[in-house]
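The residues making up each chain are set out below.
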Amino acid sequence: MNFKSENLLNDILSRRDDLIDLTQKLIKIPTLNPPGNNYLKICEYLKIRMEKSGFTSKLIRAYDTPGDSDKFPRWNLVCFREGGLQGKTVHFNGHTDVVETGKGWTVDPFEGKCIDGLVYGRGACDMKGGIASSIIAVESFISLFPNYPGKIEFSFTADEETGGYGGVAYLANKGYFSPSKVNSVIIPEPLNKDRICLGHRGVWWAEIETFGRIAHGSMPFLGDSAIRHMGAVLREFEEKLYPKLQTIKTKMPVVPDGAKTSTMNINSIHGGEVEQEEDFSGYPAAVVADSCKIIIDRRFLIEESINNVKKDIKGLLDNLETSREGFKYKISDLHEVIPTMADKNSHLVSELSNSIKEIIGVQPDYVISPGTYDQKHIERIGKLKNCVAYGPGILDLAHQPDEYISVDDMLDSAKVMAISLGGLLK
Ligand SMILES: [Zn+2]
């Protein structure tokens, strides 16, 4: 079977109106998250669509995951279709949730208006356009090659924008991304039609608390200020940690450039007694702070181990414990994700890059995301390495007002996905 036929490309082009209509219908279902609206509605719509192409499907509610309730149930949809011949399994995953619209829109964010070849709306780019593009690619492929080798799967999942626990993480825990069942996963997130996103940096969130002793603010020498101790921590970070992070550069193709070094943000700092409400007319409490807390958000590179990342920071704190009188601290892990990067020479990446060269006519860029997305669950819980993000749309438009997706880009990406699919199933 030659899957790279002109017929396939022409068939995709003939589906232009259908592609626009599908994208608009998805945008018109406002799946805002938080709180997680209309997940069942969008899954039911997609279920009917996929069953028309011969997919069997299953609605799965992620019971008791963060945010799941009878008012806001976390519904997901998985769909399967075997072609009848021996082959591999290719899985497309898309998140159905979108973020808050915010201000500054000049069009209705849930109307899905198409103006001059661009479809506008919340989620147009991130990532209902990508979902529509992958569906059109597969529908076209099946109409030409109904008896393909292997199996095509889809999952439409909740909650990517809030961590993915009620979506991909839940399905991964149930075995839907196990390497014994699935060979390749493509997530059509908006990475631009000529780029393949191989993975992401690592994350470690932790809370650091310093301790002191409460005393009257007029006689601070009788107490011990946890805030001053935290000041010493921050000084260590400024003088020793930040300059060191600047020297740790990665070979990972992270975008943007600034994220090619290791980074750390201090997400928050709180110390001492909480200030009174605005309508309280009294004075703040005159006490020495007995506690001060910060949350650190350390993003690290594939060249670093999470143990060393933690050890570096604990080392600075331990030094303070011996060098600074009265210094006591506690550090608690909050969240961690290991960096991931799919193999550039894998079958999945080479099929996609050959198709990009053929359809778009350029050498694809390989990129790594500075933050994380659902690939983390597929790798960490599902234990599946063969996963990349590839899809239409301009990443910078995601989460912005007047978000849009170009119909031509969706068609080009659909061609790339359809051609690659043929090679991946064999
Ligand atoms: Zn997204």
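Residues numbered from 1 in each chain as written. Predicted model: local features only at pLDDT ≥ 70, side-chain atom pairs only at ≥ 80, totals over all residues.

Below, the discussion takes up the sheet that holds strand β12 (residues 329-337). As summarised here, the arrangement of the four strands in space is β10-β11-β9-β12, forming an open sheet in which the pairing is antiparallel. In this open sheet, the two strands that pair with only one neighbour each are β10 (263-271) and β12. Taking the axes of each pair of neighbouring strands and ignoring which way they run, one obtains an average angle of 15° across the sheet. Of the strand pairs in this sheet, strand β9 (residues 202-211) and β12 are connected by eight bridges, and their pairing is antiparallel. Bridged to T210 within β12 is Y329. (Pairing = 2+ DSSP bridges. Helix = DSSP H or I, 4+ residues; strand = E, 2+ residues; numbered from the N terminus. Axes fitted to C-alpha atoms, helices over the stretch in contact; angles between N-to-C directions.)

So, on to helix α4 (residues 124-144). Over its 21 residues, α4 extends 28 Å from the first C-alpha to the last, a length consistent with the 30 Å expected when each residue adds 1.5 Å. Of all 21 residues making up α4, 18 are buried, and the element is well covered by its neighbours. (Expected span 1.5 Å × (residues − 1). Buried ≥ 20, exposed ≤ 12 C-beta atoms within 10 Å, placed from the backbone.)

Between P34 and the following residue, P35, the backbone shows a cis peptide bond with an omega angle of 10°. Mapped onto the fold, P35 is located in the loop between α2 (16-27) and α3 (39-52). Omega for the peptide link from V255 to P256 comes to -10°, which places this bond in the cis form. Residue placement: P256 occurs in the loop between α6 (226-247) and β10. The phi angle at K383 is positive, at roughly 65°, despite the residue not being glycine. On the secondary structure map, K383 appears in the loop between α9 (375-380) and β15 (387-389). For K383, a count of 12 C-beta atoms within 10 Å translates into the label exposed.

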